[in-house]
Amino acid sequence: DQQVKQNSPSLSVQEGRISILNCDYTNSMFDYFLWYKKYPAEGPTFLISISSIKDKNEDGRFTVFLNKSAKHLSLHIVPSQPGDSAVYFCAASEESYKYIFGTGTRLKVLA
Amino acid sequence: EAGVAQSPRYKIIEKRQSVAFWCNPISGHATLYWYQQILGQGPKLLIQFQNNGVVDDSQLPKDRFSAERLKGVDSTLKIQPAKLEDSAVYLCASSSWLARGGNEQFFGPGTRLTVL
């Protein structure tokens, strides 16, 4: 039973445009969400997080939106740059501190 | 600040053999995690240490996997005997306290294990 789902395995976007990566979850007890970015042959690196008490968190070009009623979060990257090309994972946790990761979306930003 | 170190980076073994992975977390980080990432999937937590105590090992296949964290610093993850389905990248991560409220986990580069 996959509690965190990223239904789009890949996404291609033109440089300068907006990239939107989506994540759905099933466990209504999840109260903290993170996005990680992963380059080949490297470990994931933290990108941005959001608590369930918020519906938006912004950090530079990166914004995460949370829709609790739909159990959906999204990561917006504006403007997209070629260096953003990577695999993006969303992760969710509840009080147990254990994070459940999605399967990832491979973003390719075309120059 | 030095990152999370892991070794080896790559390992190829035959099924039923044993293998061990080593992780050195960021200095001062009390919490250490081992994840298994199978191709096409997200990282799955195997075990979580707080200092040298186990916080969560509910998804660790204890009949073949074992892990320890000596003196609350370095950690080793062992598989004995390995099966074909153990082929994956094994990621180690650390955080300065129980990763909560957005306190990020810092990941190492991982060890890619291939079981033939």
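Summary of the structure given here. Keep in mind it's a predicted model, so treat the numbers as computed, not measured.

### Some thoughts on the sheet that holds strand 1 (residues 5-7) of chain B
All names here are of chain B.
Stage number 1. Strand order in the open sheet made by the four strands is 1-3-8-7, with antiparallel pairing throughout. Every interior strand has two partners, whereas the edge strands, strand 1 and strand 7 (65-69), have only one. Strand-to-strand twist in this sheet, taken as the mean axis angle between neighbours without regard to direction, amounts to 15°.
Stage number 2. Pairing analysis gives three bridges linking strand 1 to strand 3 (residues 19-24), with the strands arranged antiparallel. Residue pairing in the sheet places glutamine 6 in a bridge with cysteine 23 of strand 3.

### Looking at the sheet that holds strand 1 (residues 4-5) of chain A
Strand pairing in a sheet takes place through backbone hydrogen bonds and is either antiparallel or parallel in direction.
All names here are of chain A.
Stage number 1. In space, the five strands of this open sheet follow the order 1-3-8-7-6, with antiparallel pairing throughout. In this open sheet, the two edge strands, each paired with only one partner strand, are strand 1 and strand 6 (56-59).
Stage number 2. For strand 1 and strand 3 (residues 19-25), the ladder comprises two bridges, and the chain directions are antiparallel. By the bridge assignment, lysine 5 is partnered in strand 3 with aspartate 24.

### Some points on a nonpolar patch on the surface
All names here are of chain A.
Stage number 1. A cluster of nonpolar side chains, contributed by Ile18, Ile20 and Val78, occupies part of the molecular surface with about 230 Å² of accessible area.
Stage number 2. For isoleucine 20, the position within the fold is in strand 3.
Stage number 3. For isoleucine 20, a relative accessible area of 37% translates into the label partly exposed.

### Points about the pattern of salt bridges
Residues and elements named next belong to chain A.
Stage number 1. What the rule picks out here adds up to four salt bridges over all chains.
Stage number 2. Of the charged contacts, one joins glutamate 58 and lysine 56 as a salt bridge, the two residues approaching to 3.9 Å between their closest N and O atoms.
Stage number 3. On the basis of relative accessibility, which here comes to 52%, the residue glutamate 58 falls in the exposed class.
Stage number 4. For lysine 56, a relative accessible area of 42% gives the class partly exposed.

### Observations regarding the interface of chain B and chain A
Stage number 1. Counting from both sides, the interface comprises 23 residues of chain B and, opposite them, 20 residues of chain A.
Stage number 2. Taking both sides of the interface into account, the surface hidden between chain B and chain A amounts to around 1800 Å²; carbon and sulfur atoms contribute 55%.
Stage number 3. Scanning the region where chain B abuts chain A turns up zero salt bridges.
Stage number 4. Scanning the region where chain B abuts chain A turns up four residue pairs in polar contact (both at pLDDT 80 or more).
Stage number 5. Per-class residue counts for the side of chain B that touches chain A are eight nonpolar, 11 polar and four charged.

### With respect to the pairing of strand 8 (residues 75-79) of chain B
All names here are of chain B.
Stage number 1. Burial analysis of strand 8 places four of its five residues in the buried class, which makes it a mostly covered element.
Stage number 2. As defined by bridge partners, strand 3 adjoins strand 8 across five bridges and the pair is classed as antiparallel. Each bridged residue has a counterpart across the sheet, and for alanine 20 the counterpart in strand 8 is lysine 78.
Stage number 3. As paired strands, strand 7 and strand 8 are joined by five bridges and run antiparallel to one another. Paired with arginine 69 across the bridge in strand 8 is serine 75.
Stage number 4. As consecutive antiparallel partners, strand 7 and strand 8 are separated by five residues, and within that stretch lysine 71 has a phi angle of approximately 55°, a positive value.

Cut-offs applied
- Residues numbered from 1 in each chain as written.
- Chains lettered and ligands numbered in written order.
- Predicted model: local features only at pLDDT ≥ 70, side-chain atom pairs only at ≥ 80, totals over all residues.
- Heavy atoms only, no water.
- Pairing = 2+ DSSP bridges.
- Helix = DSSP H or I, 4+ residues; strand = E, 2+ residues; numbered from the N terminus.
- Axes fitted to C-alpha atoms, helices over the stretch in contact; angles between N-to-C directions.
- Patch = residues over 30% accessible without salt bridge, like charges linked within 9 Å, V, L, I, M, F, W, Y side chains within 5 Å.
- Areas by Shrake-Rupley, 256 points an atom, 1.4 Å probe, with all protein chains shown as cover.
- Salt bridge = Lys/Arg side-chain N within 4 Å of Asp/Glu carboxyl O.
- Buried < 20%, exposed > 50% of the residue type's maximum accessible area, 1.4 Å probe, protein only.
- Contact = heavy atoms within 4.5 Å.
- Buried area = accessible area lost by both parts, 1.4 Å probe.
- Polar contact = N/O pair within 3.5 Å; in protein donor to acceptor, adjacent residues only side chain to side chain.
- Nonpolar A, V, L, I, M, F, W, Y, C, P; charged D, E, K, R; others polar.

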